[in-house]
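# Examining the three-dimensional arrangement
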Amino acid sequence: MTEQQIRAEAAKEPGADHTWPLGFLVPALLLLRFLGEHAWAYWTAAVVGGPGVICAVFAIAGAARDVVRGRRPWKAAFALFVLAGGSFALVARLVNS
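Residues numbered from 1 in each chain as written. Predicted model: local features only at pLDDT ≥ 70, side-chain atom pairs only at ≥ 80, totals over all residues. Heavy atoms only, no water.

## Brief notes about a nonpolar patch on the surface
- On the surface, Val26, Leu30, Phe34, Leu35 and Trp40 cluster together to form a nonpolar patch covering roughly 500 Å² of accessible area.
- For the nonpolar patch, the leading source of residues is helix α2 (residues 22-35), giving four residues.
- Inspection of the secondary structure assignment puts Leu35 in helix α2. (Patch = residues over 30% accessible without salt bridge, like charges linked within 9 Å, V, L, I, M, F, W, Y side chains within 5 Å. Areas by Shrake-Rupley, 256 points an atom, 1.4 Å probe, with all protein chains shown as cover. Salt bridge = Lys/Arg side-chain N within 4 Å of Asp/Glu carboxyl O. Helix = DSSP H or I, 4+ residues; strand = E, 2+ residues; numbered from the N terminus.)

Following this line, the structure appears as structure tokens:
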């Protein structure tokens, strides 16, 4: 197989679901939104959200790769924007608190 054929086959494969880091980001954001004035909620959100942001970086890279390769580009672009926005919101809330 030539490299073009390999790339064509790779583009036909469905893209992965890159939104799984939201399982860490959403609870952290909710804690900061509703209970952010308590120190325990701030630190819990930081502990839960920190790994979520790190995982979101890798998921954003995967979503960007899927956009470039044409694997479900709208779904990957949505995941890219949601993860980037959620990560930014969490870091901004942690810095402001």
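## Describing the nonpolar core
- Leu25, Ala28, Leu31, Leu32, Ala41, Ala45, Val53, Ala56, Ala59, Leu83, Leu90 and Leu94 form the largest nonpolar core, which has twelve residues in total.
- Within the residue set of this core, elements represented by two or more residues are α2, α3 (39-69) and α4 (73-96).
- Per-element tally for this core: the top contributor is α3, with five residues. (Core = buried A, V, L, I, M, F, W, Y, C linked by side-chain atoms within 4.5 Å. Buried < 20%, exposed > 50% of the residue type's maximum accessible area, 1.4 Å probe, protein only.)

## Describing the environment of Val26
- The residue Val26 is located in helix α2 in this model.
- Val26 sits 23 residues away from Gly49 along the chain, and the two C-alpha atoms are 8.3 Å apart.

## Focus on α2
- Counted at 1.5 Å a residue, the expected span for α2 with its 14 residues is 20 Å, and the 19 Å between its end C-alpha atoms agrees.
- At its buried positions, α2 is contacted by α3 and α4. (Expected span 1.5 Å × (residues − 1). Contact = heavy atoms within 4.5 Å.)

## Remarks on unusual backbone geometry
- The backbone of Arg72 shows a phi angle near 45°, a positive value even though the residue is not glycine.
- On the secondary structure map, Arg72 appears in the loop between α3 and α4.

## Observations concerning the packing of α2 against α4
- The contact between α2 and α4 brings their axes to 10 Å, and the two run at 35°. Between α2 and α4 lies a crossing of left-handed hand. Every residue of α4 that contacts α2 at Leu22, Leu25, Ala28, Leu29, Leu32 and Arg33 is listed here: Val82, Leu83, Gly86, Ser87, Ala89, Leu90, Arg93 and Leu94.
- Its residues placed into classes, the contact of α2 with α4 shows ten nonpolar, two polar and two charged. (Axes fitted to C-alpha atoms, helices over the stretch in contact; angles between N-to-C directions. Left-handed = near helix turned anticlockwise from the far one by under 90°. Nonpolar A, V, L, I, M, F, W, Y, C, P; charged D, E, K, R; others polar.)

Fair warning: the whole summary comes from geometry, so function is off the table for now.
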